[in-house]
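Examining the three-dimensional arrangement
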Amino acid sequence: MTAKGQFYIIASVFVLISLTVLFVFTLFVDFGTFTLPTQSTDFDNLQTAIMQRNNWLSGYWFDLDWKTKTTVEISLGYANPVEIDADITTGCDSARVFQRTGNSLTEIASDVTAIGCNVTFNAPSEGIYDIFWNGTNMGKSNSDGNEITPASKTIAQVPQEGICSHFAQILPKKNIAFTCSAAEVGDAYNYSISFRSPDFTYYGSII
Amino acid sequence: MNKKGLFFWIELLLLIVVLALVILNFPRSGDSFLANKDSLDLQNLGFTTLQSLDNAGILENFTNINNFAQSNFTKLSVYIKSPLPSTVLANIEYFNGTDCRSESGSVIAICGNITRTKDTATAEYTYAKLANPITIKLYLRRILG
């Protein structure tokens, strides 16, 4: 075999090796976020949690400026107008009544009594009613003798944004730099997020 | 065999050795990729399972909005595990930012203090339709892993 022929054989073998290496690396090697986005699953979780929480809030709380609500269940046999002692201590004038159907709230015209700040309204049917007010509840119950006794009554405070403090406990342990703040926007929270993991970065707001 | 022919065979032999060394290193890379891929698949399986349960309102039905400790942990466990393939083993934990709860709902010292093999994948899903969100941690492992 001549030197020229030998050169072509060696060159061909090197080309073959190069192609093989290129092919195998393309097939098997981890190209970071393109093939195994291990870190972005944490961001997916964060993003999903924010959206789920805001969707839930829109059906659970009509406006985040109203701080307290009393949920009552009115059974068959009631007589309109119904009068409910919602345990309102302050913020009497802000009381608003909503009928709950699944996850949707429908406002109903209502009034409050001069004595005891009980809420009165014409209930279209039996079911669940949410009475929101922008004030506090301190366990007060001022009966004027006309209120009905609902089948159930629970009092809840407006949910906090919750997401920032929750993820601040989780993400730093995974080597993810995370800062977060939330601002009320109607019945939802707008989250300003800084999320920086070794292979994924996000700065912006999510609502 | 002349002198030129000898060098040719030596060069060819060296090339074969180099090629063999390179090729012998490929399977390790391939196994690693497949292992990671399988782990990621399990993570995605856990995440999408929990997300589906959330979207379907299942998690909502068995959790107490104002006090997660009073949730129905037995039902939660059944509903979380039942959509998973029978070849996948799952352990559940709940983390509310401060406390960790086991599958049965009892408070445990720390999350993740369970026997885990190297092929155990951890899927996390944060359930936020509560006064205080909770993160459901699913430790998943294939039986034949």
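Within every chain, residues take consecutive numbers counted from 1 along the sequence as written. Both sets of labels track the order of writing: A upward for chains, 1 upward for ligands. Given that the model is predicted, a residue must reach a pLDDT of at least 70 before its local features are reported, and side-chain atom pairs must reach 80 or more before they are shown or counted; all residues, however, enter totals for whole chains, interfaces and linings.

**A closer look at the pairing of strand β4 (residues 104-108) of chain A**
Residues and elements named next belong to chain A. Note the cut-off: Strand pairing follows a simple DSSP-based rule, namely that at least 2 bridges must link the two strands. A run of H or I in DSSP becomes a helix once it reaches four residues, and a run of E becomes a strand once it reaches two; helices and strands are each numbered from the N terminus.
Both strand β3 (residues 96-101) and β4 contribute to a ladder of five bridges, which runs antiparallel. Each bridged residue has a counterpart across the sheet, and for V97 the counterpart in β4 is I108. Hairpin connection, β3 to β4: the antiparallel pair is bridged by two residues, and G102 has positive phi, about 65 degrees.

**Focus: the sheet that holds strand β4 (residues 121-127) of chain B**
Residues and elements named next belong to chain B. A sheet is described by the order of its strands in space; here five strands give the open sequence β3-β2-β1-β5-β4, paired in antiparallel fashion. The open sheet terminates on both sides in strands that have one partner only, identified here as β3 (107-108) and β4. Sheet topology places strand β1 (residues 88-95) next to strand β5 (residues 134-142); eight bridges connect them, and they run antiparallel. Of the residues in β5, the one forming a bridge with I92 is L138.

**Quick look at the confidence of the model for chain B**
Under the convention used in this document: A residue's pLDDT is simply how confident the predictor is in it, with values from 0 to 100.
Per-residue confidence for chain B gives a mean pLDDT of 85, with 90% of residues at or over 70. The lowest-confidence element of chain B is helix α1 (residues 3-55) of chain B, averaging 80 in pLDDT; the highest-confidence one is helix α3 (residues 73-81) of chain B, averaging 94.

**A word on the nonpolar core**
Stated precisely, the cut-off is as follows: Residues of type Ala, Val, Leu, Ile, Met, Phe, Trp, Tyr and Cys that are buried and joined through C-beta atoms within 7 Å form what is called a nonpolar core. Exposed residues have 12 or fewer other C-beta atoms within 10 Å of their own C-beta, buried residues have 20 or more, and residues in between are partly exposed; the C-beta atoms are placed from the backbone. For the purpose of contact definition, each residue receives a C-beta atom placed from its backbone, and two residues are in contact when these atoms lie within 7 Å.
The biggest cluster of nonpolar side chains holds 42 residues, and the ones touching the most others in it are I163(A), F167(A), Y191(A), Y127(B), I134(B) and I136(B). Of the residues forming this core, the biggest block, seven residues, is contributed by helix α2 (residues 40-60) of chain A. Those residues in contact with Y127(B) that sit more than four places away from it in its chain are D54(B), L59(B), P133(B), I134(B) and I136(B).

**Quick look at the domain arrangement of chain A**
Residue and element names in this part refer to chain A. Quick note on the threshold: The start and end points of each domain follow an automatic or database-based domain assignment.
Once the domains are mapped, chain A shows domain 1 (38-61 + 159-207) and domain 2 (62-157). The centre of domain 1, based on its C-alpha atoms, is set 33 Å off from the matching centre of domain 2. Contacts between domain 1 and domain 2 engage five residues on the former and six residues on the latter.

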